[in-house]
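One letter stands for each residue in the lines below.
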Amino acid sequence: MARAGLTTARVVEAAAVLADAVGFENVTVTALARRFGVKDASLYSHVKNVRELHTRLALLAGGEMIGRIELAVAGRAGKDALVAFADAYREYALEHPGRYAATQIRVDPAVAAESEVLRRTAEVTYGMLRGYGLSEPDLTDAVRLLRSTFHGYCSLEAGGGFSAPRDVQASWERALDALHVLLEHWPKEDQRENQVERKSS
């Protein structure tokens, strides 16, 4: 029988707090049960296993993150939207390292297909990039570039990986300047194919 007062929402919220405190990799059913002062079995009434717990945590954190980004980019376009998006992303990643780590796991495709959070994330991200006049397959390529850049920068910054005396904020701002220029002059797929054809002819 489930312990009175425990709900799936409470369990996942506690997992989010735990992730920020001790690291996402240390969030287990046993660790959470200890926090609630119950046996592991009491939590299995709310989550089937640690994989489901991690998935629910990923979606909770993803919802928080995209909510912050949505507010930041509202009414903006072009470079203003890019900077607002990137700053909100970075702020969340640095403020909530455990939750942010959860957003990076691979969610089961069946769950992903039904997720409102992942749908909103795609809409906001692709919508911001469409402001640069991109369409597929360039849109997906640009999304992957931005995600790799933002994730790499935030991970290195959080881990103290930038040791040069150059101000980290200044480097971040210059990186966004460079990304804006790149997106404005994105080498379209059809143009690239034409260049390849000319070289081979």
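Data block above holds the structure.
Worth saying up front: this structure is predicted, and the values here are computed from it rather than measured.

J.: Help me understand the pattern of salt bridges, please; the structure alone is not making it clear to me.
T.: Pairing is possible between side chains of opposite charge, provided their charged atoms come close. Under the defined criterion, the tally for this structure stands at 10 salt bridges. Between Glu64 and Arg99 there is a salt bridge; the shortest N-O distance is 2.9 Å. With Glu64 in helix α4 (residues 50-73) and Arg99 in helix α6 (residues 97-103), this residue pair connects regions lying 35 residues apart in the sequence. Residue Glu95 is joined to Arg68 by a salt bridge in which the shortest nitrogen-to-oxygen separation is 3.0 Å. Taken together, the residues span a long stretch of sequence, with Glu95 in helix α5 (residues 78-95) and Arg68 in helix α4 at a distance of 27 residues. Classification of Glu95 by relative accessible area gives partly exposed; the value is 46%.

J.: Sorry if this is basic, but what is going on with the packing of aromatic side chains here?
T.: Tallying each qualifying case throughout the model produces 6 aromatic pairs. Pairing Phe150 with Trp172 gives two aromatic rings, centres 5.8 Å apart and planes at 50°, and the pair type is tilted. With Phe150 in helix α9 (residues 138-158) and Trp172 in helix α10 (residues 168-184), this residue pair connects regions lying 22 residues apart in the sequence. For the pair formed by Phe150 and Trp172, the shared burial category is buried. Residues Tyr153 and Phe162 carry aromatic rings whose centres are separated by 4.8 Å and whose planes lie at 45° to one another, so their mutual orientation is tilted. Its relative accessible area of 13% is what places Tyr153 among the buried residues. Relative accessible area serves as the criterion here: at 33%, Phe162 is assigned to the partly exposed category.

J.: Which parts of the structure should I look at to understand the environment of Val22?
T.: Note on placement: Val22 falls in helix α1 (residues 8-22). When the C-alpha atoms of Val22 and Tyr89 are compared, they prove to be 21 Å apart, with 67 residues separating the residues in sequence.

J.: It is not clear to me how the packing of α4 against α5 should be interpreted in this structure. Could you clarify?
T.: Geometrically, a packed helix pair is captured by the angle between its two axes and the distance between the axes. One can describe the packing of α4 onto α5 by two numbers: an axis separation of 8 Å at closest approach and a directional angle of 145°. At the point where α4 passes α5, the crossing takes the right-handed sense. Residues Ala61, Glu64, Met65, Arg68, Ile69, Ala72 and Val73 of α4 lie in contact with α5, whose contacting residues are Ala81, Ala84, Phe85, Ala88, Tyr89, Glu91, Tyr92 and Glu95. Looking at the contact of α4 with α5 residue by residue, the class counts come to 11 nonpolar, no polar and 4 charged.

Rules behind the numbers
- Residues numbered from 1 in each chain as written.
- Predicted model: local features only at pLDDT ≥ 70, side-chain atom pairs only at ≥ 80, totals over all residues.
- Heavy atoms only, no water.
- Salt bridge = Lys/Arg side-chain N within 4 Å of Asp/Glu carboxyl O.
- Helix = DSSP H or I, 4+ residues; strand = E, 2+ residues; numbered from the N terminus.
- Buried < 20%, exposed > 50% of the residue type's maximum accessible area, 1.4 Å probe, protein only.
- Phe/Tyr/Trp six-rings, centres within 6.5 Å; stacked < 30°, edge-to-face > 60°.
- Axes fitted to C-alpha atoms, helices over the stretch in contact; angles between N-to-C directions.
- Left-handed = near helix turned anticlockwise from the far one by under 90°.
- Contact = heavy atoms within 4.5 Å.
- Nonpolar A, V, L, I, M, F, W, Y, C, P; charged D, E, K, R; others polar.

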